[in-house]
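Descriptive structure summary
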Amino acid sequence: MPASRELSVRGTPIHLMQDGTGPALLFLHGAGGAGRWLPFQERLAGDFSVYFPSHPGHGGSPAAEWIEHISDLAFHYLDLLDELGLARVHLVGASFGGWIAAEIATMASHRLASLVLIDPVGIRVDGWIYPFLFGMDIPEIVGTVFHNPMAALALAPPDQSIDTLALQYRQGAALARVAWNPYLYDPLLRRRLARIASPTLLCWGAHDRLAPLAPCGEAWAKAIPGARLQVFDDAGHVPHLEEADAVADAVAEFCRLQGAKR
Amino acid sequence: MKFYYFHLMPYIMDHDEPSSWVTLSNRHYDPAVGHTLYNQYLDQFEYAEKLGWDGLCVNEHHQNCYGTMPSPNVMAAMLVRRTTRAKIAVLGNGLPLRENPLRVAEEIAMLDVASGGRIISGFVRGISAEYFSTGVNPTHSRERFYEAAELIVRAWTEEGPFPFDGRFYRFHYVNPWPRPLQKPHPPVWCPSQGSSETVEWAAKRRFPYLMVFTPIKRIAQIYGEYREACERNGYRASRYQLTVNVPVVVAESDAKARELAEKHVMWVFNTGLRMHPPFWRPPGYITEASLRRLLANPPVLPSDLTFEQADREGYLIYGSPATVRDKLRVFADELQAGILCTAMNGGTHERTLELMQLFAEEVMPHFREDAKVDETAGVGR
C-alpha cells in the first residue's frame with residue numbers, strides 16, 4: 001500500500017501517494033485516474049520510488065482557481081520537484097498527464113532522467129480531431145477510451161453518492177478549464193517538442209480511438225528528437241490499465257537503461 | 001398584471017433522435033417550412049400588440065428545433081418597425097456566448113433608438129447545451145457573463161471613449177454609436193433557473209428576475225430569495241421585478257384546453273427540451289454548491305415530465321377562461337408576480353390567433369388594476 005499525504009506546493013494543496021525505493025519516478029495521471037494506485041504503479045514501485053500526485057481539482061487535491069492553462073500545471077509540477085527536493089526524475093505521463101509531462105519536458109529537460117509518454121494528447125495533429133469526450137455519456141466514453149472495456153472497471157466510481165458525483169463534476173471542470181477549447185491540445189506545444197532533450201519512450205495502444213497511433217503516435221515520434229515508439233497490441237487509449245504488466249516492464253526497462261547511461 | 005407575448009419560434013417536429021439540441025441534424029430543417037413559420041410567428045407578435053399585450057419577447061437559442069432564433073436582435077429589429085406601442089423584450093442575449101459584448105451594447109442601442117425607447121434587454125448565460133454549440137468554455141461562463149454585463153452597462157452609460165481591461169474582454173476604445181434612448185439605459189432583465197449566485201447578482205442591481213418553465217413551488221421559493229436579497233441591498237422589490245414565464249392554453253372549455261396543452265405544451269418539454277444527458281451539465285457551468293443542491297433534490301428532466309405532473313406542479317396553465325383566471329390568480333396574488341410572459345400554441349396558426357384573442361378578451365381585463373402603470377419605470381436599471 002502506498003503512503004498518502006497532503007502537502008502544499010507553493011501554496012497549492014495537493015494529495016500525493018508514494019511507494020517503493022530506488023530512483024525517483026513521477027507519474028502524472030490522465031482524466032479519471034487520480035488516486036488510482038493500480039497494478040501498473042505497484043509494479044513500478046518494485047524498482048523505483050514512485051511519486052503519484054493528484055492534479056489540482058482531481059481526486060484528493062482541491063480545485064485551484066489559478067490554473068487556467070496547461071503550462072500552469074507544468075510549472076506546478078516543477079514546483080513539486082523543488083518541494084520534494086528531487087533534482088532529476090523519471091517522468092511518466094498518461095493521456096492528459098502525458099500532455100503535462102510533454103509541456104514540462106519542453107521547459108526543463110535537464111530535470112528529467114527520462115520521459116515516458118503513454119498515449120499522450122496535447123498536440124494538434126493534421127488529419128485528426130480528438131473525439132469530444134465532454135459530449136459523451138459513460139458508455140460512449142468507455143467505448144472510445146478502452147479497447148478492453150473490462151479494464152474500465154478499475155476507474156469505476158465507488159458509488160453514486162452526492163460526494164462522488166460532485167467529485168466527478170469537479171474533475172471535469174478542472175480538465176475543461178485547460179482543455180475545453182482548444183480541445184485536448186496546446187497550439188504551441190508541437191513546435192516546442194523539438195526542444196526535448198531527455199531520452200523519450202512513447203507507449204501507444206494499437207487500438208487507441210481517442211488519439212490513434214496513426215496519425216497521432218506517429219506525429220509524436222516524429223516531433224520528439226530520438227523518441228522510441230513502442231506499440232501495445234491489446235490496448236486502446238490506456239495501455240497502462242489494459243496491459244499493465246507489459247507497459248510497466250517496458251517503462252522500467254527504459255528508465256533503468258537511461259539511468260545507467262547517465 | 002402586465003402581459004408579454006413570448007415566442008420560442010420552434011420548428012415543431014417529431015423525431016427519434018436522443019437529443020433535440022446540438023446533434024439533431026439540420027437536414028431536418030426545411031427552409032421553405034421555416035419561411036412560413038417565421039412569418040406566422042411574426043404575425044402572431046404583431047397581433048398580440050393589437051390585442052393589447054404589453055410586451056413581446058424574443059430569445060436566443062442555438063442548434064435545435066426548440067427555438068429557431070439564434071439572433072434575437074434580428075427578430076426584435078423586424079418587430080420594431082411593425083409595432084408602435086408594445087415593449088420589445090430580448091430575453092436575452094447570451095452574453096458569454098458572444099466573442100464581443102460591445103456588439104450587444106451596439107445592437108440593443110440601435111433597437112432602442114429606432115423603437116423610441118421600447119427595448120428591454122435580457123442578459124442570459126445561455127442554456128448548458130449552447131456551450132457545446134458555440135465552443136465557449138463553460139468553466140468561464142459565469143465570469144464572462146458578469147464581465148460582459150458590466151462592460152455593456154458601462155458602454156451605455158459612460159461617456160466614451162474609455163478603455164476596458166477585463167479578463168476576457170479588452171478594449172482601448174469603448175465608444176459605441178448610437179447610445180441608447182432610454183435613460184440611464186434600457187431595462188435589464190435576468191431570465192434564469194434560480195441559481196443563488198444569479199439571484200443575488202440581479203437583486204443587487206435591481207434587475208428583474210424571470211423564472212422560465214419552473215414548477216410553481218420553486219418559483220415561490222426563488223421569489224422569496226430574490227425579495228430577501230433586495231431587502232439586504234436596501235430596497236423593496238417592485239412586483240415588476242418578478243416575472244414569470246409559464247405556457248398558457250385557454251380554450252372554450254377545460255377539456256378542449258387540456259387536449260391542446262397535452263399535445264402542444266408537452267411537445268416543448270418532452271421533445272423541444274429533449275437533450276443528450278451530457279448536454280445538460282457541461283463541466284463548470286454551475287458551481288459545485290449549486291450542483292450539490294440539484295443532486296440533493298433532482299428536478300425531473302423535461303423529457304420525462306408527464307402531463308399530470310406538469311399540471312399538478314404548475315408548469316403550465318390551461319382551461320376555459322374562467323379556469324385560467326383562477327389559476328392565474330395564484331401567480332398574481334399569491335406569488336405577486338407583476339409580469340406574465342406566455343407563449344400560445346393552438347396547433348395551427350389560425351387556432352393560435354383564436355387562443356390569443358380569447359385570452360386578451362376574457363382573461364387579461366380581469367388583471368388590469370395596473371393598466372396605466374409603466375412596468376419598466378424604475379426597475380431593471
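Check the entry above for the structure.
Here's what I pulled together on the structure shown here.

The rules we used
- Residues numbered from 1 in each chain as written.
- Chains lettered and ligands numbered in written order.
- Predicted model: local features only at pLDDT ≥ 70, side-chain atom pairs only at ≥ 80, totals over all residues.
- Heavy atoms only, no water.
- Helix = DSSP H or I, 4+ residues; strand = E, 2+ residues; numbered from the N terminus.
- Rg over C-alpha atoms; globule rule 2.2 N^0.38 Å.
- Buried < 20%, exposed > 50% of the residue type's maximum accessible area, 1.4 Å probe, protein only.
- Salt bridge = Lys/Arg side-chain N within 4 Å of Asp/Glu carboxyl O.
- Axes fitted to C-alpha atoms, helices over the stretch in contact; angles between N-to-C directions.
- Parallel < 35°, antiparallel > 145°, perpendicular 65-115°, else oblique.
- Contact = heavy atoms within 4.5 Å.
- Nonpolar A, V, L, I, M, F, W, Y, C, P; charged D, E, K, R; others polar.
- Left-handed = near helix turned anticlockwise from the far one by under 90°.
- Phe/Tyr/Trp six-rings, centres within 6.5 Å; stacked < 30°, edge-to-face > 60°.
- Lys NZ or Arg CZ within 6 Å of the ring centre and 35° of its normal.
- Buried area = accessible area lost by both parts, 1.4 Å probe.
- Polar contact = N/O pair within 3.5 Å; in protein donor to acceptor, adjacent residues only side chain to side chain.
- Pairing = 2+ DSSP bridges.
- Core = buried A, V, L, I, M, F, W, Y, C linked by side-chain atoms within 4.5 Å.
- Lys, Arg positive; Asp, Glu negative; His and termini not counted.

1. So, the overall build of chain A
A count of helical and extended segments in chain A gives nine helices and eight strands. Radius of gyration (C-alpha) of chain A: 17 Å, near the 18 Å computed for a compact globule of 262 residues. For chain A, the spread of C-alpha atoms along the three principal axes comes to 50 × 40 × 35 Å. Here chain A holds 262 residues, and 58% of them are scored as buried.

2. A word on the pattern of salt bridges
Per the stated rule, a full pass over the model turns up 28 salt bridges over all chains. In this structure, B:Arg258 engages B:Glu308 in a salt bridge whose closest nitrogen and oxygen atoms are separated by 3.4 Å. Remark: B:Glu308 occurs in helix α11 (residues 307-313) and B:Arg258 occurs in helix α8 (residues 254-272); sequence separation between them is 50 residues. Judged by relative accessible area, B:Arg258 falls into the partly exposed class, the value being 30%. Taken together, the shared-partner salt bridges connect A:Asp163, A:Arg170, B:Glu288 and B:Arg292 into one network.

3. Regarding the packing of helix α5 (residues 141-157) of chain B against helix α6 (residues 196-204) of chain B
Residues and elements named next belong to chain B. Orientation of α5 relative to α6, taken along the N-to-C sense of each, is 10°, at an axis distance of 12 Å. It follows from the interaxial angle that α5 and α6 lie roughly parallel. Where α5 approaches α6, its residues Arg142, Phe145, Tyr146 and Ala149 are matched on the opposing element by Glu197, Thr198 and Trp201. Each residue belonging to the contact of α5 with α6 can be placed in one class, and the counts come to four nonpolar, one polar and two charged.

4. Re the packing of helix α5 (residues 162-179) of chain A against helix α10 (residues 288-296) of chain B
Close contact between α5(A) and α10(B) brings their axes to 10 Å; oriented N to C, the two are set at 145°. Crossing handedness for the pair α5(A) and α10(B): right-handed. Across the interface between the two elements, A:Ile162, A:Asp163, A:Leu165, A:Ala166, A:Tyr169 and A:Arg170 of α5(A) pack against B:Glu288, B:Leu291, B:Arg292, B:Leu295 and B:Ala296 of α10(B). Residues that form the contact of α5(A) with α10(B) fall into these classes: seven nonpolar, no polar and four charged.

5. Details of the packing of aromatic side chains
Tallied over the entire structure, the rule returns 31 aromatic pairs over all chains. With centroids separated by 6.4 Å and ring planes inclined at 55°, the aromatic side chains of B:Phe168 and B:Tyr169 adopt a geometry described as tilted. Judged on exposure class, the residue B:Phe168 and its partner B:Tyr169 are both buried. Three or more aromatic residues link up through ring pairs in this structure, and these residues are A:Phe132, A:Phe134, A:Trp180, A:Tyr183, B:Phe132 and B:Phe279. Sitting over the ring of B:Tyr285, B:Arg125 keeps its end group 4.3 Å from the ring centre. The lysine or arginine in question, B:Lys327, covers the ring of B:Tyr318, its NZ or CZ lying 3.8 Å from the ring centre.

6. A few points about the environment of B:Leu305
Residues and elements named next belong to chain B. For leucine 305, the position within the fold is in the loop between α10 and α11. Taking the C-alpha atoms as reference, leucine 305 lies 6.8 Å from asparagine 270; in sequence the two are 35 residues apart. The residues contacting leucine 305, other than those within four sequence positions of it, are Met266, Phe269, Asn270, Val300, Ala310 and Tyr315.

7. A short note on the interface of chain B and chain A
Of the residues lining the interface, 22 residues belong to chain B; the matching set on chain A comes to 19 residues. Both faces considered, chain B and chain A share a buried interface measuring about 1,700 Å² in area, 60% of it formed by carbon and sulfur atoms. Here chain B and chain A share three salt bridges between them. Between B:Arg292 and A:Asp163 there is a salt bridge; the shortest N-O distance is 2.7 Å. For the pair chain B and chain A, the number of links is twelve residue pairs in polar contact (both at pLDDT 80 or more). Breaking the side of chain B that touches chain A down by element, the ones donating at least two residues are α4 (130-134), α9 (277-280) and α10 of chain B. Top element by residues in the side of chain B that touches chain A is α10(B). It accounts for five residues. Of the residues that constitute the side of chain B that touches chain A, the class distribution is 13 nonpolar, five polar and four charged.

8. Description of the sheet that holds strand β1 (residues 2-6) of chain B
Residue and element names in this part refer to chain B. With parallel pairing, the eight strands of this closed barrel are ordered in space as β1-β2-β3-β4-β7-β8-β9-β12. Each strand of the sheet is rotated relative to its neighbour by a mean of 25°, with strand direction disregarded. With four bridges connecting them, β1 and strand β12 (residues 339-342) associate as parallel partners. The partner of tyrosine 4 across the bridge, within β12, is cysteine 341.

9. As for the sheet that holds strand β7 (residues 200-205) of chain A
Residue and element names in this part refer to chain A. Strands sit in the order β1-β2-β4-β3-β5-β6-β7-β8 across an open sheet of eight strands; the sheet is mixed. Each end of this open sheet is capped by a strand with a single partner; those strands are β1 (3-9) and β8 (228-232). Put simply, the sheet's adjacent strands are angled 25° from each other on average, direction ignored. Here strand β2 (residues 12-19) pairs with strand β4 (residues 49-53) via four bridges, running antiparallel. Bridge assignment links leucine 16 to a residue of β4, and that residue is proline 53. Packed on one face of the sheet, helix α2 (residues 70-84) meets β1, β2, β3 (24-28), β4 and β5 (89-94) and runs near 110° to β1.

10. Structural notes on the nonpolar core
Across soluble globular proteins, you tend to see nonpolar side chains buried next to one another. Core analysis: the largest hydrophobic core is formed by 187 residues, its most contacted members being A:Trp220, B:Trp53, B:Leu328 and B:Phe359. Counting 26 residues, the second largest nonpolar core, distinct from the first, contains A:Leu25, A:Ala45, A:Ile118 and A:Ala252.

11. Notes on the side chain of A:Asp72
All names here are of chain A. Structurally, aspartate 72 can be placed in helix α2. Look at aspartate 72: it is buried, it has no salt bridge, and the nearest opposite charge is arginine 177 at 7.5 Å. Among the polar contacts made by the side chain of aspartate 72, one reaches the main-chain amide nitrogen of glutamate 68 at a distance of 2.8 Å. Beyond its immediate chain neighbours, meaning those up to four positions away, aspartate 72 contacts Trp66 and Ile67.

Functional significance is not addressed by these values, which are geometric in nature.
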